[in-house]
Amino acid sequence: MLKFLIRRVLTGALVLWIISMLVFALFFAVPNNVARQMAGHNATPTTIKLINQRLGLDQPLWEQYGKFIWNALHGDLGEDYYYQLPVTHVIAEALPITLSVVVGASIIWLLLGVSSGVLSAVRPRSFIDRLVTVLALFFYSVPSFVLGLTLLFVFYYKLTIAGFAIFPAGGYKPLSDGLNQWFFHMILPWITLAMISAATYTRLTRGSMLEVLGEDYIKTARAKGISERRVIYRHGLRSALTPVVTQFGIDVATLIGGAVITETVFSLPGVGYQSIKAIRNQDLPLILGVVLVASVAVVVANILVDLLYAVLDPRVRLS
Amino acid sequence: MALLEVNDLHVRFNTDDGVVHAVRGVSFEVEQGKTLGIVGESGSGKSVATQTITGLTRGARIEGTAMFEGIDLLAATPEELRSVRGVKIGMIFQDPLTSLHPAYKVGWQIEEMIRAHQDEGRKKARARAVELLSLVGIPNAKTRVDDYPHQFSGGMRQRVMIAMAMALNPALLIADEPTTALDVTVQAQVLDVMRKVQEEFGTAIVLITHDLGVIAEMADDVIVMYAGRVMEKAPRRDLFYANHHPYTEGLLASLPQRNSSGGRLLPIKGSPPSMINPPQGCPFAPRCPYVFNRCVEETPALVPVFRREDHLSACFLSGHQAEREQGKEQMRVALLEEAQLESARLESAKLEGIA
């Protein structure tokens, strides 16, 4: 167990290191001119040179990278090119926003997806199964910006005009401003993200549940004369959750790297918003910072999923 | 009165290809403390019939009655059935490798069964689980209760299944091909356990199998099923030594003989009929060596033969096997000739290949 953890953390670190190198290499492989972009069209060569000097872009590549790694190991990801804010600080501001969105949404979609999937699987081909399938397909196909904007139109615009100013147009209020404020700023982004992801979980749970309910040990459970409820949840869902857990780990990790479209629609300055900004500005330190956050999320989520596997299925041994 | 009395059971399934009439008018009784063997090949309806009685068939249209301790199981509500399953009727299935839940300890699975029906504390249920496991011959039962199914071998898992099925001391144990997935040596051990349990608790057993060897070892009475019908019903001895139905005869003839060394197995020619829109007449007629016109025109009823009340057969033929010996001999000769022709053909093909 401990051995497993140590090995996974070490391989995770290796992955992060390789990713940082790749991002670095990619940044310098594509044509870019940060200094020219910052200084504008009429800048003199001297200005450009000065900017490059200040940003350290005039130094050899390996030296720049070495410096980055050295600082990163000491918890310093450098400063962003435009505002000279520490990248760690920018991320520390953006991450809670993204986490608020993702954690809230993931709870909703997990509950919604799994329960509708079970409902579907228990009575296959019934009216409710078909209804759930159609709804799932619908939300699966709707682009998140369409759903987000529609929600804004109905719940912000129409409701506010009608005299019920309940939902804000967007933006973020931290929890320190009060639970209420935070909650009402979050609810529309949550629904947007949750509805679109829930569809995947409905289909996944339904398929997995149907398979499990056909297993011999479900017949055994019924033969024992325990309640049908218990057969479905204690015996069926328990086994059917394994693929759901995998998918959940991947999805949450990916979204922590930025729920880009949802954050944009609801003007939430989260990790996704920062990454778009960083790429547009060719802001290398910020790009690296955002990518590392996303990678750490994926690595950690994978370790957690593997640990959960061992809990869910005693046949899995961590080694 | 018999413990379980099944009368004219029909089970139909709606499928995309049509209505599958899997069980067609099956009747049988199980006496207290006795073993009823049900033999038949795959798809003969033997499992469907017994699972229907306990309410485990889903999405089927069911007709008939199944009287068990004064209630008709086929007319019972799901709640009533639930209080019978596990408590009064225990069940074990074919594949012990997949019949236990892989995520729960075996002890927990037995405890769950006990606690679902009896108001007992964990401790008591657990003690009972240990007791049951040692009863079915699992060594170190005290520590083994906390093991997961994958830590047991196939034979041991089937013992766990038996222990679980017997947990509440049911009056009837339905064993659906309990030894089919096991090695021959392990088979014998599992059958021993079942017999021991039967002696200990006085349980009646319905033993479903396609293995006549298991029947010979365990059953008191036997019914032979084919295409959803009972073909013959007889006490064990009569079934093996004085059977009536040509299908039973074919089943016995297809067994490997110990004394005919190097001989070929004698299969029953042809394959079972489709269960969708079966043709008129005896379902075995297309494969029967003694078939005559009447067999194709009407379906024979299950009637007493040899002037015995306990021996029934669904066949128009009269009289004893001996009278049919001639026909059977002809059949055997035909099969042998065919086999010789086949090997001659292979031989000449080989020769050609060399040339």
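Residues numbered from 1 in each chain as written. Chains lettered and ligands numbered in written order. Predicted model: local features only at pLDDT ≥ 70, side-chain atom pairs only at ≥ 80, totals over all residues.

Caption draft 1: Examining the overall build of chain A more closely. If you tally the helices and strands in chain A, you get 13 helices and zero strands. Written out in order from the N terminus, the α and β elements of chain A read α-α-α-α-α-α-α-α-α-α-α-α-α. Overall, the C-alpha framework of chain A stretches about 85 × 60 × 35 Å when taken along its three principal axes. The buried share of chain A, taken over its 319 residues, is 33%. At a minimum sequence separation of 6, the contacts of chain A that also span at least 24 residues come to 70%. (Helix = DSSP H or I, 4+ residues; strand = E, 2+ residues; numbered from the N terminus. Buried ≥ 20, exposed ≤ 12 C-beta atoms within 10 Å, placed from the backbone. Contact = placed C-beta atoms within 7 Å.)

Caption draft 2: Broad picture of the overall build of chain B. Secondary structure assignment for chain B yields 13 helices and twelve strands. Expected size for 355 residues packed as a compact globule is a radius of gyration near 20 Å; at 23 Å, chain B falls within 12% of this value. Long-range pairs, those at least 24 residues apart, make up 64% of the contacts in chain B between residues at least 6 apart in sequence. (Rg over C-alpha atoms; globule rule 2.2 N^0.38 Å.)

Caption draft 3: Examining the domain arrangement of chain B more closely. Domain annotation of chain B identifies domain 1 (4-219) and domain 2 (242-256 + 279-354). Each of domain 1 of chain B and domain 2 of chain B has a C-alpha centre, and the two are 33 Å apart. (Domains from an automatic or database assignment.)

Caption draft 4: Representation of the sheet that holds strand 6 (residues 89-92) of chain B in the model. All names here are of chain B. Here eight strands make up an open sheet; going across it, the order is 6-7-8-3-9-10-12-11 and the pairing mixed. A strand with exactly one partner marks an edge of an open sheet, and here the two such strands are strand 6 and strand 11 (303-304). Inspection of the sheet shows strand 3 (residues 35-39) paired to strand 9 (residues 221-226) by four bridges, in the parallel sense. Paired with Ile38 across the two strands is Ile223, which belongs to strand 9. (Pairing = 2+ DSSP bridges.)

Caption draft 5: The arrangement of the nonpolar core in detail. Within the largest apolar cluster, 152 residues are counted, with the highest numbers of intra-cluster contacts made by Ile162, Ala163, Leu172 and Val206 of chain B. Here this core gets 13 residues from one element, more than from any other, and that element is helix 8 (residues 179-213) of chain A. Here this core spans two domains, since at least three of its residues come from each of domain 1 (4-219) and domain 2 (242-256 + 279-354) of chain B. Those residues in contact with Ala163 of chain B that lie beyond four places of it in its chain are Ile110, Leu132, Leu133, Leu135 and Val136 of chain B. (Core = buried A, V, L, I, M, F, W, Y, C linked by C-beta atoms within 7 Å.)

Caption draft 6: Representation of the interface of chain A and chain B within the structure. Residue-level contacts link 17 residues of chain A with 22 residues of chain B. Every element with two or more residues in the side of chain A that touches chain B is listed here: helix 9 (216-223) and helix 10 (228-256) of chain A. A total of six residues in the side of chain A that touches chain B trace back to one element, the largest contributor, which is helix 9 of chain A. Of the residues assigned to the side of chain A that touches chain B, the class counts are five nonpolar, four polar and eight charged. (Nonpolar A, V, L, I, M, F, W, Y, C, P; charged D, E, K, R; others polar.)

Caption draft 7: How the structure looks around the confidence of the model for chain B. Residue and element names in this part refer to chain B. Averaged over all residues, the pLDDT of chain B equals 89, while 94% of them reach at least 70. Strand 3 holds the highest mean pLDDT among the elements of chain B, 96, whereas helix 13 (residues 321-354) holds the lowest, 72. Across the assembled chains, the prediction reports ipTM 0.83 with pTM 0.83. (pLDDT = per-residue confidence, 0-100.)

Caption draft 8: The sheet that holds strand 5 (residues 71-72) of chain B, seen in detail. Residue and element names in this part refer to chain B. With respect to topology, four strands assemble into an open sheet ordered 2-1-4-5, the strand pairing being antiparallel. Strands at the two margins of the open sheet, each flanked by one partner only, are strand 2 (18-30) and strand 5. Sheet analysis places strand 1 (residues 4-15) next to strand 2, joined by ten bridges and oriented antiparallel. Bridge pairing in strand 2 links Asn14 to Val19. Those strands touched by helix 1 (residues 46-53) are strand 1, strand 2 and strand 4 (60-68), and its axis lies near 110° from that of strand 1. (Axes fitted to C-alpha atoms, helices over the stretch in contact; angles between N-to-C directions.)

Caption draft 9: Here's a closer look at the environment of Ala169 of chain A. Residues and elements named next belong to chain A. One can find Ala169 in the loop between helix 7 (144-161) and helix 8. For the pair Ala169 and Leu152, spaced 17 residues apart in the sequence, the C-alpha separation amounts to 6.7 Å. Sequence-distant contacts of Ala169, defined by excluding residues within four places in its chain, comprise Leu152 and Tyr156.

Caption draft 10: Geometry of the packing of helix 5 (residues 87-122) of chain A against helix 13 (residues 284-312) of chain A. Residue and element names in this part refer to chain A. Where helix 5 meets helix 13, the closest approach of the two axes is 10 Å, and the angle between their N-to-C directions is 45°. Relative to helix 13, helix 5 is oriented oblique. Judged by the sense of rotation from one axis to the other, the crossing of helix 5 with helix 13 is right-handed. Listed contacts from helix 13 to Val87, Val90, Ile91 and Leu95 of helix 5 are Pro285, Leu286, Gly289 and Val293. Across the contact of helix 5 with helix 13, the residue classes tally to seven nonpolar, one polar and no charged. (Parallel < 35°, antiparallel > 145°, perpendicular 65-115°, else oblique. Left-handed = near helix turned anticlockwise from the far one by under 90°.)

Caption draft 11: Fine view of the pairing of strand 9 of chain B. All names here are of chain B. Burial analysis of strand 9 places six of its six residues in the buried class, the great majority of the element. The two faces of strand 9 match: Asp221, Ile223 and Met225 on one face and Val222, Val224 and Tyr226 on the other face are all buried. Here strand 9 pairs with strand 10 (residues 229-235) via six bridges, running antiparallel. If you follow Asp221 over to strand 10, its bridge partner there is Pro235. Connecting strand 9 to the next strand, strand 10, in antiparallel fashion are two residues, including Ala227 with a positive phi near 50°.

Caption draft 12: Structural view of the packing of helix 5 of chain A against helix 12 (residues 271-280) of chain A. All names here are of chain A. As a packed pair, helix 5 and helix 12 sit with axes 7 Å apart at the nearest point and diverge in direction by 135°. One way to sum up the angle between helix 5 and helix 12 is to call them oblique. Residues Val90, Ala94, Leu95 and Thr98 of helix 5 touch helix 12, and the partners they reach there are Val271, Gly272 and Gln274.

Caption draft 13: Just the pairing of strand 4 of chain B, in detail. Residue and element names in this part refer to chain B. Here eight bridges tie strand 1 to strand 4, and the two strands are oriented antiparallel to one another. Across the sheet, Phe13 pairs through a bridge with Ala60, a residue of strand 4. Both strand 4 and strand 5 contribute to a ladder of two bridges, which runs antiparallel. Counterpart to Met67 in the pairing with strand 5 is Asp72. Linkage of strand 4 to strand 5, two consecutive antiparallel strands, is achieved through a turn of two residues, within which Glu69 is found at a positive phi near 50°.

Caption draft 14: View of the environment of Asp147 of chain B. Residues and elements named next belong to chain B. The residue Asp147 is located in the loop between helix 6 (141-144) and helix 7 (154-165) in this model. In this structure, the C-alpha to C-alpha distance between Asp147 and Val106, residues 41 residues apart in sequence, is 6.3 Å. Each residue touching Asp147, except ones within four places of it in the same chain, is listed here: Lys105, Val106 and Phe152.

Caption draft 15: Seen up close, unusual backbone geometry. The phi angle at Gln282 of chain A is positive, at roughly 50°, despite the residue not being glycine. Locating Gln282 of chain A in the fold gives a position in the loop between helix 12 and helix 13. By the C-beta count within 10 Å, which is 16 here, Gln282 of chain A ends up partly exposed. Within the chain, Asn169 of chain B stands out as a residue other than glycine whose phi angle is a positive 55°.

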